[in-house]
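This is what each chain is made of:
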Amino acid sequence: RERTRGSKLIIKMDGTQTVITDPASGQDKKFAFDYSYWSHDGFTEQANGYFAPASAKYADQVRDLAGCSWRAMQLQIPTQKVFDDLGRGVLDNAWEGYNCSLFAYGQTGSGKSYSMIGYQANKGIVPIACEDLFKAIEAKKPEMKAGEEYQVSLSMIEIYNEQVRDLLVSKTVKGGLKIRQHPNKGFYVEQLTTSPVSSYAQIEAKIAEGSHNRTVAATNMNATSSRAHTIVAISFTQKTLDGSGQSMTRSSVMNLVDLAGSERADSTGATGDRLKEGSAINQSLSTLGNCIKALADQSTGNSKVVVPFRDSVLTKLLQNALGGNSKTVMIAALSPADINFEETLSTLRFADRAKAIKTKAVVNESPTDKLIRELREENQRLMEMLKSGGGEAVSSSGSGGGDGEGSEEAEERMRELMKRNQEEMEAMERQWAEKLAQAQAESQAQIRDKEAVGERRKQQPHLWNLNEDPSLSGLIVHFCEPGSHTIGREAEFQLRGISILPQHATLNNSSDKVTLTPQNGAKVCVNGREVVQETLLNHHDRVLFGNNHLYVFDNPKAAAPSPSPIPTFEAAQAELAENSGVMGLLGDKAKSSKDMLLMDDLVKLYPQVQEANAMSEELDRRVRFELVLMSPQGRGLRENEGRTEVYISLTNLDSGNEFFWSKDKFSDRKYLMRDMYQNYMEGESWKLPQEKDPFWEPADSPLLIGTCHVYLQSLAYLIEVAESFSVTDFRGEDQGKLEIELRPCDSEWRELGEEFSEPDDVIGQAINFKVKLNKGHDLSPKYAAYYCQYKFYLEDEFTRTPEASKAVNPQFKFEKKYTFKPVTKQLMDYLQNSYIIVELWGRQKDSGKKSSKTTKELMQGDKPKQGAVGDSRPAPAGAAAASAEAKNLKSELDTLKQKSERNEQKIKQLQTLVNEARKSGKDVLQVDKVDKILSATAASSARPVVNKGGKGGAAAAGGGGKSGSSATKAEEKRSEAMGKSTSAACSIQ
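All chains use their own residue numbering, which begins from 1 and follows the written sequence. The predicted nature of this model means local features are confined to residues of pLDDT at least 70 and side-chain atom pairs, given and counted, to a pLDDT of 80 or more, with totals for whole chains, interfaces and linings taken over all residues. Where side-chain values are given, they derive from all heavy atoms of the structure, hydrogens and water being excluded.

If you check an unreviewed UniProt entry, the chain appears there as Kinesin-like protein from Macrostomum lignano. UniProt positions are given in the numbering used here, feature names are shortened, and annotations may be inferred rather than shown by experiment. According to the UniProt record, the Subcellular location (unreviewed entry) comment for the chain reads "Mitochondrion membrane". Database annotation for the chain, UniProt heading Sequence similarities (unreviewed entry): "Belongs to the TRAFAC class myosin-kinesin ATPase superfamily. Kinesin family."

Structure (C-alpha cells):
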C-alpha cells in the first residue's frame, strides 16, 4: 500500500473475473481465473494487528477473529476465503498421496510472500496448512496400529544466479549444489538436508533458520533477495496397514515456491548488450515463462512443442509441478497501481497461459517391502554397471540424467544414485521415532535460543538488520554489551562485503549510552548522513556500514513511552538518496504518478550506483558511474512517446569517454560485477579478458550525441528548407550543427524554384521531395566517426546515413527521395504540424592512454557532470557543498522548463497572428509584430530569415505595404510560409 500511495487504482475484481484498465487509453482488459481476491483495501486493522474485513470484497487471511483474544489468534482459526479455496485442497491432496505444488508469481512487493506466509497476525496458506496437517495427525494417533506412523520432513533451498544453496546449513558450497536426475522421480538436489519435524513450531523454526542463513549469505555477497527463488519442500509419508495387514507407504511432497520478482523476467532494456547472456540472474524466470508457454501450446494439441525444462535450474526442479505428477496451484500477485500497469498486465497474461496447463497427478502408494526391494535391485544393477565400466550405459539408460557428460562424470552420478538409494532404504528400515527424537532435540534448542534472543532484545541495546524483503529483516542481531566492540572483516562483529575494512568501526556502550566511531577511511552513515567522528546513537537510528550492511539501532531503555514507527528498508534507502542530493533532480513540485515511479527508480538505483563505484574502486577498473535523467526528447522520442527515464552514465576515467546504460543493462552488468568481486574477495582468479569484463565498454560503441527537430511545414507549401540545425544533447547543451535540406521536386526529380502552392491544393495530387543530410560542423573532435538516422511519417525502421569518419566536420552527402501519390489529408496534417527528429550518433576515439593514478584517486579528482548524480558516498552531515549542488541542479532544470514553456507560447502566438491575418485577407505580416513576439519570448534564439532568391527576404523585411507592391502574390506567400517554418525551428532550437 505504501508503494502505491497517491497512484490511481487500475484493478477491479468481479467474482472470478479480474479487470485491468489501461491508464493511457482507458480501455479494459478482462481475465477469468478460478478465483480473484482483493486485499488492497476494505479492511480495518485491529489491536492485535489482524486486518479485519470492512467490506465484502476484502479477502482476509484468517476467519471470524472479531472479538477473539490473541491466544485464539495463535491457535490459527482456518481462513475464510483463501485457505478454504486453495490451502484446503493442497492439504487434502497430500493426505490422498498426491504431490502438490503452490507457487506465487508477481512483481516485487505485490504480495507473494503475504499470500504464502502472511504477515504478523495475518497468517498465510503455508502456516495454516501445516498446523492443520499436524492437528489431523494428532487426531489419528489414538487409532494407530502397531507399525503405522506419519512422517513429516522439510527441506529449504534458494536459487540465485542459477546456483542452488541449502538454506538449512550455514556453510555455502562454492558453485552451489548439483542437480541430478532420477530415472523415476525426476530432478533432485544432491546432498540436500532434510529435517524431520513434528509440529508447525518446528517448521517455523527451520524456516527461520533458513531465512537467517539466507540473509547472512546475501548480505556478505551483496546479493539481492528479490532476485532469488525460494523453495520449501514438505515431505509427508503415511505408513499404514491395508486390509490384509501388509505395510503400505503413501507419500507426497508439497512444494511451496516463492518466485523472484517477475519485473525482471525479461530484461528488454539490455537487448544487444554483449554480456547479456553472461548473467544468469534472469535465466530461471525467463525459462519458466518459455515452459509455461510451451505447456499451454501442448494443451491445445500441439504435440511437437518441446518444453525447455532443462534450460534452467528452477524449471528442472519444477518439472513435476508444471507438467508432471503434481496437483498445482499458482497465485498471481498483482499491484493495482497505474504506475505498475505494464508489470501487472504481464503477470495476468502469464497466469492466463498457465491456467491452460494440464498435469497428471497419481497417488504415490506402494507396499513398503516392494519399495525396499526395488531400491536394492536398482543398486545391484548400478553396481554391475560400475564393475563393467558402463559409464555410457548409465547415460543412455537415463539413470544419470547427463547431458553428454564423460564416463567419469557418469560413474560419479551412478555412485551418487546408489548412495541416495541406500539412504532411502535405511530411512525406511530405521525407526522414525529415533530420527524424530534427534531432530526434535535440535529444534527445541533452536526455539529456546530464539526465545532467549527475543527476551534479550527487550533489555539490551542492539543492532538488527534491514532487508528489502521484510521477512528477512531483524534476523541478524548484534548486541551491544557494556564496553567497547569492534566491527569489520576481522573484528568482533564480523561484516563482509564491499567497502568493509578489517577494522571498520567501534561501538562503545557506557551506561546504556551507545556511541559509534568510524575508523579512518571507513564509510559509515547514520540516518542517511556520513559520519566521520564519534556519534551518539539514538533509538531507531539507521546505520549503514560500507555499501550494503544496513542496520537499525534499538535501545529499549531509551525508547519513548509511546512506540515510534519501526524503520523500513524503503524509508532508509529514500533517506540515503535524499541526503545524497539525487532527489534534487526531480525538484520539489507536486509529484504525479510518473514522478513517483521516477523517484522510486532513483531511490533503488542510487545505492546500486554506489556499489558499482565501490567495486570499481577496489578492483581498480578505472570507470565511474553516475545517475542521469533522460527525457523522451533527449532519447530521440517525441513529447508523448514515453516518460523521463533514469539512465546510468559510465565514464572511462582514463580517456574521458562517456556511455549511457539503461537501468536494465546496468542491473545485469552489476550482477556480473558482483561475481567478479566475489572471486576477488575469495582470493580466486578474478580478472577477465576485456571483452568479458562487465566494467568495460568499447570506445566504438554507438553513442547518441544529440538530436535536432526539422519542421516539415514548408513542404506543405512546396517550399524548400536549407538550414544548419543545432544538435542538442539530453542535458540541453549544444553539440554542433547539421546541414539539412528539404527539396520539393517535380516528377523528373528536378528541384522546384519559386513555385508555391496552398496545402489544400496539394491534397489529392502527387508530391515528390528529397531529404538531404549534407554535413555536420562544429562537432566534438573526440568522435572517430558519425552517422545520422531518422524516421519519416509512418516508417517503422530508421533511415540511416553511411558513417562519416572525418572529425569535427563530417561529410554525409546523404539523399533520400520520397514520393506520395496521392497526398492524403493525414499526410498533409503531418507535414503542416509535425517534424522529423534527426539523431546524430558517434563512435568515440580510444586514446589508449592510461593514467598513473588509481581509480580512487581519479574519482576524487573527477566531478559529476551537469544533470548527473554519482558521488561514491552521501554528503557528510552539515556539508553545504552537496546542498548547493542540489539547489543548482534544481534551478537549472526549472530554467530549462521555463524556456521550453516560453518557446511553446511563442509558437502559439505566431500561429494566432497568422490566422488573424488570413481572416482579414492579409497576405503579409508586419515585421514589428513578429519581432515583438520573438523578442518577448526567446530573442536570443531568433535569427534572420534568408530566402534563397532574395525577393522573399526583402519583402518580409520591408513591411506589409511595401512588400505587397514590390513582389508577386506567390512570393509573398512563400515568404510568409518560410517565416513561419523558420520561426518554429528557431523556437525549438
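Mind showing me how you'd approach the overall build of the chain here?
The helix and strand tally for the chain stands at 25 helices and 40 strands. Here the chain, with 989 residues, has 50% of them falling under the buried criterion. A separation of at least 24 residues holds for 67% of the contacts in the chain among residues at least 6 apart in sequence. The secondary structure listing takes helices from DSSP runs of H or I that are at least 4 residues long and strands from runs of E that are at least 2 residues long, numbered from the N terminus. Residue burial is assigned from relative accessible area. The probe radius is 1.4 Å, only protein chains are included, and a residue is buried under 20% of its type maximum, exposed over 50%, and partly exposed in between. A contact between two residues is defined here by any heavy atoms of the two lying within 4.5 Å.

What am I meant to see in the sheet that holds strand E25 (residues 529-530) here?
The strand order across the open sheet formed by six strands is E19-E18-E28-E27-E24-E25, and the pairing between neighbours is antiparallel. The sheet terminates laterally at strand E19 (477-479) and E25, the two strands that pair on one side only. Two strands form a pair only when DSSP identifies at least two bridges running between them.

Can you help me understand the sheet that holds strand E2 (residues 17-21) in this one?
Across a sheet, strands are paired by hydrogen bonds formed along the backbone, either parallel or antiparallel in direction. Reading across from one edge, E1-E2-E3 is the order of the three strands in this open sheet, with antiparallel pairing throughout. Because the sheet does not close on itself, it has two edges, and the strands there are strand E1 (11-14) and strand E3 (28-32). Direction aside, the axes of adjacent strands within the sheet are offset by 20° on average. Pairing geometry for E1 and E2, over four bridges, is antiparallel. Across the sheet, Met13 pairs through a bridge with Thr18, a residue of E2. Strands in contact with helix H9 (residues 341-354) are E1, E2 and E3; relative to E3, the strand with the most contacts, it is inclined by about 35°. In this analysis an axis means a line fitted to C-alpha atoms, helices contributing only their contacting stretch, and an angle means the value between N-to-C directions, from 0 to 180 degrees.

I would appreciate a short explanation of the nonpolar core in the present structure.
Generally speaking, nonpolar side chains in soluble globular proteins are found buried as a group. Throughout this description, the term nonpolar core refers to a set of buried Ala, Val, Leu, Ile, Met, Phe, Trp, Tyr and Cys residues connected via side-chain atoms within 4.5 Å. Formed by 42 residues in total, the largest nonpolar core has its most connected members in Leu738, Tyr790, Phe792, Leu831, Val838 and Leu840. Residues within four places of Leu840 in sequence aside, it is in contact with Leu703, Leu704, Ile705, Gly706, Val727, Leu738, Leu779, Tyr786, Tyr787, Cys788 and Phe812. Judged by nonpolar contacts, the second largest core, of 35 residues, contains Phe134, Leu167, Val197 and Leu256.

Sorry if this is basic, but what is going on with the packing of aromatic side chains here?
Two numbers describe a pair of aromatic rings. These are the distance of the centres and the angle of the planes. A pair of Phe, Tyr and Trp rings is counted when the ring centres sit within 6.5 Å of each other, with Trp represented by its six-membered ring. The angle between the planes then sorts it: under 30 degrees is stacked, over 60 is edge-to-face, the rest tilted. One pass over the structure, following the stated rule, counts 25 aromatic pairs. Among the aromatic residues, those joined into a cluster by ring pairs are Phe769, Phe792, Tyr793, Tyr818, Phe820 and Tyr830. Both a distance and an angle decide whether a charge sits over a ring: NZ of Lys or CZ of Arg must be within 6 Å of the ring centre and within 35 degrees of the ring normal. One cation-aromatic arrangement involves Arg638 over Tyr835; the distance from NZ or CZ to the ring centre is 4.6 Å.

Can you walk me through the packing of helix H2 (residues 82-96) against helix H4 (residues 125-140) in this structure?
Geometry of a packed helix pair, given as the angle between the helix axes and the separation of the axes. Where H2 contacts H4, the axes come no closer than 10 Å and their chain directions differ by 45°. Considering their axes alone, H2 and H4 lie oblique with respect to each other. Our pair here, H2 against H4, has a crossing hand that is right-handed. Residues Val82, Phe83, Leu86, Gly87, Arg88, Leu91 and Trp95 of H2 form the contact with H4, whose own contacting residues are Ile125, Ile128, Ala129, Asp132, Leu133, Ala136, Ile137 and Lys140. Relative orientations are named as follows: roughly parallel for angles under 35 degrees, roughly antiparallel for angles over 145 degrees, roughly perpendicular for angles from 65 to 115 degrees, and oblique for any other angle. The sense of a crossing depends on the near helix, which, turned anticlockwise from the far helix by less than a right angle, makes the crossing left-handed and, turned clockwise, makes it right-handed.

Just to check I follow, could you spell out the pattern of salt bridges for this structure?
It is possible for side chains bearing opposite charge to pair when their charged atoms get close. Salt bridges are defined as contacts in which a side-chain nitrogen from Lys or Arg sits within 4 Å of a carboxyl oxygen from Asp or Glu. Summed over all chains, the structure comprises 33 salt bridges. We note a salt bridge from Arg743 to Glu751, for which the minimum N-O separation is 3.9 Å. By relative accessible area, which is 10% here, Arg743 ends up buried. Relative accessible area serves as the criterion here: at 34%, Glu751 is assigned to the partly exposed category. When the shortest N-O distance is used, the salt bridge between Lys772 and Glu751 registers 2.9 Å. Taken together, the residues Lys772 in strand E35 (residues 767-777) and Glu751 in the loop between strand E34 (734-745) and helix H18 (759-762) connect sequence positions 21 residues apart. Through salt bridges with shared partners, a single network forms among Glu741, Arg743, Glu751, Lys770, Lys772 and Glu815.

So what exactly am I meant to see when it comes to the pairing of strand E32 (residues 703-711) here?
A regular strand places its side chains so that they alternate between the two faces of the sheet. Counting buried positions along E32 yields nine of nine residues, so the element is predominantly enclosed. Pairing geometry for E32 and strand E39 (residues 835-844), over eight bridges, is antiparallel. In the strand pairing of E39, Leu704 is matched with Trp841.

Before we go on, may I ask you to explain empty space enclosed by the protein in this structure?
Remark: the empty space left among the atoms is shown by a probe the size of a water molecule rolled over them. In this analysis the probe radius is 1.4 Å and the grid spacing 1 Å, with only protein atoms considered; a cavity is a set of points the probe fits into but cannot get out of, a pocket is an open set with protein on both sides within 12 Å along at least five of seven lines, and lining residues have an atom within 4 Å of a point. Grid points are joined across faces, edges and corners, and a volume is the space filled by probe spheres set on the points. A full pass over the atoms with the stated rule returns five cavities of 30 Å³ or more. Lining the largest cavity are Val90, Leu102, Ile125, Val126, Ala129, Cys130, Ile234, Met254 and Leu256. Broken down by secondary-structure element, the contributors of at least two residues to the lining of the largest cavity are H4 and strand E15 (247-258). When residues of the lining of the largest cavity are assigned to their parent elements, the largest contribution, four residues, is made by H4. Its residues assigned to classes, the lining of the largest cavity shows nine nonpolar, no polar and no charged. Residues are grouped as follows: nonpolar covers Ala, Val, Leu, Ile, Met, Phe, Trp, Tyr, Cys and Pro; charged covers Asp, Glu, Lys and Arg; every other residue, Gly included, is treated as polar.

Teacher, can you tell me more about unusual backbone geometry here?
Only a minority of non-glycine residues have a phi that is not negative, and only a minority of peptide bonds are not trans. The step from Lys821 to Pro822 runs through a cis peptide bond, and the omega angle for that step is 0°. With phi around 60°, Leu718 is a residue other than glycine that occupies positive phi space. Taking relative accessible area as the criterion, Leu718 reaches 18% and is therefore assigned buried. Positive phi values are uncommon outside glycine, yet Lys813 reaches one of about 50°.

When you look at the UniProt feature "binding site: ATP" (unreviewed entry) in the chain in this model, what are you seeing that I'm missing?
Here the UniProt-annotated "binding site: ATP" (unreviewed entry) positions come out as Gly106, Gln107, Thr108, Gly109, Ser110, Gly111, Lys112 and Ser113. Turning to its location among the elements, Gly106 is positioned in the loop between strand E6 (100-105) and helix H3 (112-116). Judged by relative accessible area, Gly106 falls into the buried class, the value being 0%. Beyond its immediate chain neighbours, meaning those up to four positions away, Gly106 contacts Lys112, Ala260, Gly261, Ser262, Ala333 and Thr347. Tracing the sequence through the fold places Gln107 in the loop between E6 and H3.

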